[in-house]
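Structure at a glance
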Amino acid sequence: MEQVKVTFMKMDPKAQVPAYGTEFSAGADLSACMEQPVMIPPGTTEFIHTGIAVAIPRGLVGLIYARSGLACKQGLAPANKVGVIDSDYRGEIIVALHNHSAVPLVVEPGQRVAQMVIAPYIYAEYEERDSLDETDRGSGGFGSTGNR
């Protein structure tokens, strides 16, 4: 497995270092960094501070995903589904955590709230054309491949 160095800075002394749960975890856990617990009412979103900023190397991106246990068992997951931390962003990582459940949920200081996967990406050059090459699928959209 390839390793890359991602430097980070604690913006708050209580911030926790992103940490992998196991040797083969793809995502490093991000923890809440705040003074008091935060209550998230049903159907609402709260911005949860992590207290860290990262310097992701060029050509890589930090992708912020839900922690499966938190999302599946409690209903707390990032509001934007997948957060994107660009390599030129140097601000604090903040997780917009949405409560999909029917009950108020509390996020405790130090609680693991999301995971960050470092991944390569392709920077595309977009070129406008008057037409596109033909395919069997054509312009068939949502659910169209199941109708064959």
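In what follows, the structure referred to is the one given above.
Our subject in this report is the structure included herewith. The structure displayed is predicted, hence computed values, not measured ones.

This brings us to the pattern of salt bridges. Enumeration according to the criterion identifies 5 salt bridges in this entry. We note a salt bridge from Lys14 to Asp12, for which the minimum N-O separation is 3.0 Å. Where Lys14 meets Glu35, a salt bridge forms, and the shortest distance between an N and an O atom there is 2.7 Å. Of this pair, Lys14 sits in the loop between strand 1 (7-10) and strand 2 (19-20) while Glu35 sits in the loop between strand 3 (28-31) and strand 4 (38-40), and the two are 21 residues apart along the sequence. Counted as one network, the salt bridges with shared partners bring together Asp12, Lys14 and Glu35.

The next thing to look at is the nonpolar core. For soluble globular proteins, the rule of thumb is that nonpolar side chains tend to be buried together. Within the largest apolar cluster, 23 residues are counted, with the highest numbers of intra-cluster contacts made by Ile64, Ile93, Leu97, Val107 and Val113. Those elements that place two or more of their residues in this core are strand 5 (45-55), strand 6 (60-65), strand 9 (92-99), strand 10 (105-107) and strand 11 (112-120). Excluding residues that lie within four positions of it along the chain, Leu97 makes contacts with Ile40, Thr44, Thr45, Glu46, Ile48, Leu76, Ala77, Pro78, Val107 and Val113.

Cut-offs applied
Residues numbered from 1 in each chain as written. Predicted model: local features only at pLDDT ≥ 70, side-chain atom pairs only at ≥ 80, totals over all residues. Heavy atoms only, no water. Salt bridge = Lys/Arg side-chain N within 4 Å of Asp/Glu carboxyl O. Helix = DSSP H or I, 4+ residues; strand = E, 2+ residues; numbered from the N terminus. Core = buried A, V, L, I, M, F, W, Y, C linked by side-chain atoms within 4.5 Å. Buried < 20%, exposed > 50% of the residue type's maximum accessible area, 1.4 Å probe, protein only. Contact = heavy atoms within 4.5 Å.

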